[in-house]
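Examining the three-dimensional arrangement
Each chain is listed here by its residues.
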Amino acid sequence: TFHPLAKLAMTTTPQNGMRASKYSALLLMNAAVDLAYAEIENAPAHSMDPEDTRILKLTGRNLAGYASTMDANKVGDGTLGAALSSTWDLLDKLHRKINFTASKQIDQYSHGLPKSALTDSFSKGLIKSLRTESG
């Protein structure tokens, strides 16, 4: 889900005493998800395309999987705990927003009316005239 060349360009060059590149990649992924959240932060309900929803949910799942494989012994400066906490908070916030923007609005099939209420000509798509009654 994250372009390998972008990860390669943005991660640190391995050196003794520096953070592991896997940790740097986690920070980069967090930043990418944070940018994705910023794009949909003010989006109204029902506004997200189902395919975009699916892609963002899979991205979140992949980030969660990646973060869960981090080894605390590889990050010696003690910042991994805060980074993982930030990752989980970000994913939780993103997931709530995705569910809000992806929720379906009520349409003629999900309105909750019984099928017997849909027996007239109009509900069957049979329209003989576009003239309406007064009032």
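What you see is a predicted model, and the numbers here were worked out from it, not measured in a lab.

Overview of the nonpolar core
Within the largest apolar cluster, 22 residues are counted, with the highest numbers of intra-cluster contacts made by L26, I40, M70 and L80. Where this core is concerned, the elements lending two or more residues are helix 2 (21–40), helix 3 (50–67) and helix 4 (80–102). Sequence-distant contacts of M70, that is, excluding residues within four places in its chain, are made with K22, Y23, L26, L80 and L84.

Comments concerning the packing of helix 2 against helix 4
Orientation of helix 2 relative to helix 4, taken along the N-to-C sense of each, is 25°, at an axis distance of 10 Å. The orientation of helix 2 with respect to helix 4, classified from their angle, is roughly parallel. Judged by the sense of rotation from one axis to the other, the crossing of helix 2 with helix 4 is left-handed. In this structure, helix 2 contributes Y23, L26, L27, N30, V33, D34, Y37 and I40 to the contact, and helix 4 contributes L80, A83, L84, T87, L90, L91, K93, L94, K97, I98 and T101. When the residues that make up the contact of helix 2 with helix 4 are grouped by side-chain class, the tally is 13 nonpolar, 3 polar and 3 charged.

Brief notes about the environment of T87
On the secondary structure map, T87 appears in helix 4. Remark: the alpha-carbon pair of T87 and D34, spanning 53 residues in sequence, is separated by 9.5 Å. In this structure T87 touches L26, N30, L63 and A67, once residues within four positions along its chain are discounted.

Concerning the confidence of the model for the protein chain
Do not read the fine detail of predicted coordinates wherever pLDDT is low. Per-chain confidence: the protein chain averages 78 in pLDDT, with 64% of residues scoring 70 or above. Put simply, helix 1 (residues 4–10) is where the protein chain has its lowest mean pLDDT, 57, and helix 4 is where it has its highest, 91.

Some words on the side chain of N30
Along the polypeptide, N30 turns up in helix 2. A polar contact is formed between the side chain of N30 and the side chain of T87, at a distance of 2.8 Å. Those residues in contact with N30 that lie beyond four places of it in its chain are L63, A83, T87 and L90.

Some words on the packing of aromatic side chains
Inspection of the entire model under this criterion finds 0 aromatic pairs. Across the ring face of Y66, the terminal group of K22 is positioned such that the distance to the ring centre comes to 5.5 Å.

Points about the packing of helix 3 against helix 4
At a closest axis distance of 10 Å, the pairing of helix 3 and helix 4 adopts a crossing angle of 165°. Here helix 3 is positioned roughly antiparallel relative to helix 4, judged by the angle of their axes. Judged by the sense of rotation from one axis to the other, the crossing of helix 3 with helix 4 is left-handed. On helix 4, the residues touching T53, L56, K57, G60, L63, A64 and A67 of helix 3 are L84, T87, W88, L91, L94, H95, I98, N99 and A102. Residue composition of the contact of helix 3 with helix 4, grouped by class: 10 nonpolar, 5 polar and 1 charged.

Definitions and cut-offs
Residues numbered from 1 in each chain as written. Predicted model: local features only at pLDDT ≥ 70, side-chain atom pairs only at ≥ 80, totals over all residues. Heavy atoms only, no water. Core = buried A, V, L, I, M, F, W, Y, C linked by side-chain atoms within 4.5 Å. Buried < 20%, exposed > 50% of the residue type's maximum accessible area, 1.4 Å probe, protein only. Helix = DSSP H or I, 4+ residues; strand = E, 2+ residues; numbered from the N terminus. Contact = heavy atoms within 4.5 Å. Axes fitted to C-alpha atoms, helices over the stretch in contact; angles between N-to-C directions. Parallel < 35°, antiparallel > 145°, perpendicular 65-115°, else oblique. Left-handed = near helix turned anticlockwise from the far one by under 90°. Nonpolar A, V, L, I, M, F, W, Y, C, P; charged D, E, K, R; others polar. pLDDT = per-residue confidence, 0-100. Polar contact = N/O pair within 3.5 Å; in protein donor to acceptor, adjacent residues only side chain to side chain. Phe/Tyr/Trp six-rings, centres within 6.5 Å; stacked < 30°, edge-to-face > 60°. Lys NZ or Arg CZ within 6 Å of the ring centre and 35° of its normal.

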